[in-house]
Every structure is written in C-alpha cells, then in structure tokens.
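Notes for the structure review
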Amino acid sequence: MLADEPTLARLMHAMQQGDKAAANVLLSESGLWLERYFRRRVPPHHIDDLVQEVLIALHAKRATWDPSRPFLPWLAAIARYRWVDHLRRSYRQQAGELFDDSASTDSEEDVVLARVSLDRLFAHLPARQAEAIELVKIGGLSIEEASRASGQSESLIKVNIHRGLKKLAALVEKAE
Amino acid sequence: MSDTPARAALIASLVDNTAPVRRVHPAEGAALIALATLAAALGMIALFDFWRGIISGEASPFFWITNGLLLLLGAASTAALVAGALPRVGARPNAPAWTLAMLGVLPLAALIQIAKAPDIHVHTGLADPHSWHCLWSALGAAVVVGAAAVLFLRHGAPVAISRQAWLTGLAAGSLGSLAFGMTCPLDGIAHLGIWHVAPVPLAALAARLIVPPLIRW
C-alpha cells in the first residue's frame, strides 16, 4: 500500500534535514507512486527509466519543496516535467529519422512507442496530419507508400508529420 | 512492478548522498531581483546623473504614470517568476498579462499624440539620438536584472520553461527601463510611451530565445 500525503510530507521534511532513513523510505514510496503515474503515459519498458530520472530530480531539487505545501503535487509537477522532456526527446528523434528518409526502417519498438505516446492526443490534430502520422509512424509505411495511400504528396506527408508531431509535443507541454 | 535492482541501487546511492539542504525561498528570489534593479539604477545614475526634476516636482504626470506602470509590471512579473521557480501544478497568476496590457496603453497614446500634435513633441523621431540612448541604456540595465532572475531560476526547479523565460524578459525589461528612467529628463508621453516602453517587449522576446537553455534542468 502506498504511503499517504501527510506521511510523505513528513518524510520529505526529514529528508530536507538530512535524515537518511526517511530518504530511503520516501524514495522507495515515491518510486511506487511514480510507477502508477507513468503507467498510463508511457510504454511499460520506459517506466523504470523515467521513474529513476524523477527520483534523481527529486533528490537533486529537494530544497525546492515548501513544507507548508503538499508533497504529491510537487512530485507530480517534476514527474510531468520529466515526461514532457521524454516526449520532446522522442519527437526530436522521430523528426530526425523522418528527414533522414529512414522512417520506413523504424523498429517495431519505435512504432509501439509512437502509438502509446501519441494515440491519446490524435483527436487534437487536423485529419491530414493525424493520417500522415498514423500511416508512417504507426502503420510503418514509407513516405512513398503513405503518399499513394493518402493521396497527399510526399512533401506534404513529411510536412504534416513534422507539424503534427510538433503540435503534439506542444499540446502535452501546455496541458496541466 | 516493484523496486528493480537498478532502482534499488540508485536509491541506495541517493540515500548515501543525502545531506541537510537549505530551502529555496521565493522571497529570496524577489529580494535578489530587487537588489539587481537597485544596482542597475545606481549604475545608471553613476553614468548619466540622477534627474533632479523627479524630486523637485518638475516631472510631468506622464513620468509618474509610465514609471509606476513599469514598476507594477516588474513587481507582477517578479512575483510570478519566483513562484514559478518551485515545481507546482494548478492555476498560474495572470497579473503580468494584465499589467502588460495596462502598459500597452502608453505607446498607443504616444502614437496618437505624435500623429495628431507633432509640433509639441521634439524628441519623437527615429533619428533622435536621445531616444536610442534611452532604449539601449534601459536594455543594458535589463541585462543586470535578467541575470539575477536567471541566477535564481537556476537555483530553483522551474517546470514551465517558456513561461519562465517570458517572465524573465518582462521583469528585466520593465525594471531595467525603470532603473534607467531615474536619469531621463524627457518626460513627454510621446517619448516615454515609446522609448521607455519598447525595452519591455524587446527584452521579453530576447529572453524567450536566450533563457530556456540556461534554466532547463
């Protein structure tokens, strides 16, 4: 069972004062909380990496928690910041692959990652951008195949994927 | 999923490095920015001399309105900036946007004055060296204030990087212009409304481009 907010806040306060036992419990409990937080946001094999990133950030930035405020919203803000950073890195990697014309050689893992990261946000995109991303980044078609399947020119497919992914990253970053 | 071996090792290492920390207080950030503004103002006065018309009562109402609004925008931006240096979720203050809108009335009034009554304003042209001097000096003072803001943000943990960059620019531009304003004897609306307000959007745009990589963590 996860520790409750007042317990976590007490542990964090003790950790700020250098209490190592409290730090041990807090980091372990926060790890469990973060697992649940990321479970609905990233593919399973990325969860542990993100949890560890946030735990490092929690430790490095522990001086920025105000004991008069609740702990979990503070942790959630850091988790969200790291998640957006993760999406931005994914976007840059995918955009780089796109303009290297290597999109058709995406591994299955990349395709799954793209679907999990982007699927929930597709409703916010114009239909042609969503279609281009769906065909190339999720369906695994090449630019040429996607162009034939959608009736969009190859340049338009590239532009729509680029703009669509950029918009998705911006949407996630703005979302509270 | 429970603690993986890698995570357990990481936690052990973090616990080992746990030592008491001094908390980051937003009030200290506000004090740092206020001190930087004071230092910038003293620097400007040392370079260009204090305008004695401010204390002799010679300064026009436009002088007080312009610098008062710059002070308000600087205070609102600073308050939002130092609050945003700590990770948090939820509503964010929009006072900076409202005070910026209030300040935006001044250039509008200045442009109307210049268009309809150009004869009574002597320092309005783009070729006027006094006006460019005001702009560059205010931006110079803004760099001092902006550096203090960035220093504090690096000490904290901002999670809305773009917003913090805009706020840094707004605070730096408004407080920098206010700091220089203590030395400028040109107190007509046509001069103040353009040349003392222009540093604000310019600093905001510059900060939006320059600050994010400096405060990302």
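Residues numbered from 1 in each chain as written. Chains lettered and ligands numbered in written order. Predicted model: local features only at pLDDT ≥ 70, side-chain atom pairs only at ≥ 80, totals over all residues.

Along chain B, the regular secondary structure elements total ten helices and zero strands. Beginning at the N terminus, the succession of helices and strands in chain B can be written as α-α-α-α-α-α-α-α-α-α. Along the first, second and third principal axes, the C-alpha set of chain B runs to 80 × 30 × 25 Å. Across the 217 residues of chain B, 45% fall into the buried class. Taking the contacts inside chain B whose residues are at least 6 apart along the sequence as the reference set, 88% of them involve residues at least 24 apart. (Helix = DSSP H or I, 4+ residues; strand = E, 2+ residues; numbered from the N terminus. Buried ≥ 20, exposed ≤ 12 C-beta atoms within 10 Å, placed from the backbone. Contact = placed C-beta atoms within 7 Å.)

Residues and elements named next belong to chain B. Positioned with a positive phi, Asp 49 is a non-glycine residue whose angle comes to about 75°. Mapped onto the elements, Asp 49 comes out in the loop between helix H2 (26-48) and helix H3 (53-56). The exposure class assigned to Asp 49 is exposed, which follows from the 11 C-beta atoms found within 10 Å.

Let us now look at the packing of helix H4 (residues 61-83) of chain B against helix H8 (residues 161-181) of chain B. Residues and elements named next belong to chain B. For the pair H4 and H8, the least separation of the axes is 8 Å and the interaxial angle reads 145°. You can see that H4 and H8 cross each other, and the crossing is left-handed. Here H4 contributes Asn 67, Leu 70, Leu 71, Leu 73, Gly 74, Ser 77, Thr 78, Ala 80 and Leu 81 to the contact with H8, which in turn contributes Gln 164, Leu 167, Thr 168, Leu 170, Ala 171, Ser 174, Leu 175, Ser 177, Leu 178 and Gly 181. Split into classes, the residues belonging to the contact of H4 with H8 amount to ten nonpolar, nine polar and no charged. (Axes fitted to C-alpha atoms, helices over the stretch in contact; angles between N-to-C directions. Left-handed = near helix turned anticlockwise from the far one by under 90°. Nonpolar A, V, L, I, M, F, W, Y, C, P; charged D, E, K, R; others polar.)

Our next topic: the interface of chain A and chain B. Contacts between the two partners involve 30 residues from chain A and, on the opposite side, 23 residues from chain B. Of all the secondary-structure elements, those providing two or more residues to the side of chain A that touches chain B are helix H1 (5-16), helix H2 (20-39), helix H3 (44-60) and helix H4 (71-99) of chain A. Looking at side-chain class alone, the side of chain A that touches chain B contains 13 nonpolar, nine polar and eight charged residues.

We now examine the confidence of the model for chain B. Overall, the prediction assigns chain B a mean pLDDT of 91, with 94% of residues at 70 or greater. Predicted as a complex, the structure gets a pTM of 0.76 and an ipTM equal to 0.80. (pLDDT = per-residue confidence, 0-100.)

Ile 78 and Val 136 of chain A together with Ala 141, Val 145, Ala 149 and Ala 171 of chain B are the most contacted members of the largest nonpolar core, which totals 101 residues. Residues from two domains meet in this core; each of domain 1 (5-79) and domain 2 (101-174) of chain A gives at least three. Apart from the residues within four sequence positions on either side, Ala 141 of chain B is in contact with Ala 40, Met 44, Gly 176, Ala 179 and Phe 180 of chain B. (Core = buried A, V, L, I, M, F, W, Y, C linked by C-beta atoms within 7 Å. Domains from an automatic or database assignment.)

Residues and elements named next belong to chain B. Orientation of H2 relative to helix H7 (residues 129-155), taken along the N-to-C sense of each, is 155°, at an axis distance of 9 Å. Considering the angle they form, H2 stands roughly antiparallel to H7. The interaxial crossing formed by H2 with H7 has right-handed handedness. Only Ser 137, Ala 141, Val 144, Val 145, Ala 148, Ala 149, Leu 151 and Phe 152 of H7 make contact with H2, whose side of the interface consists of Gly 29, Leu 32, Ile 33, Ala 36, Thr 37, Ala 39, Ala 40 and Met 44. When the residues that make up the contact of H2 with H7 are grouped by side-chain class, the tally is 13 nonpolar, three polar and no charged. (Parallel < 35°, antiparallel > 145°, perpendicular 65-115°, else oblique.)

Here the focus is helix H1 (residues 5-16) of chain B. Residues and elements named next belong to chain B. For H1, spanning twelve residues, the distance from its first C-alpha to its last is 16 Å, which sits close to the expected 16 Å at 1.5 Å a residue. Taken together, the buried positions of H1 are Arg 7, Leu 10, Ile 11, Leu 14 and Val 15. Projection of H1 onto a plane perpendicular to its axis shows the buried side chains occupying an angular sector of 135°, all on one side. In H1, those exposed residues whose orientation departs by more than 90 degrees from the buried face are Pro 5, Ala 6, Ala 9, Ala 12, Ser 13 and Asp 16. (Expected span 1.5 Å × (residues − 1). Arc of directions from axis to C-beta.)

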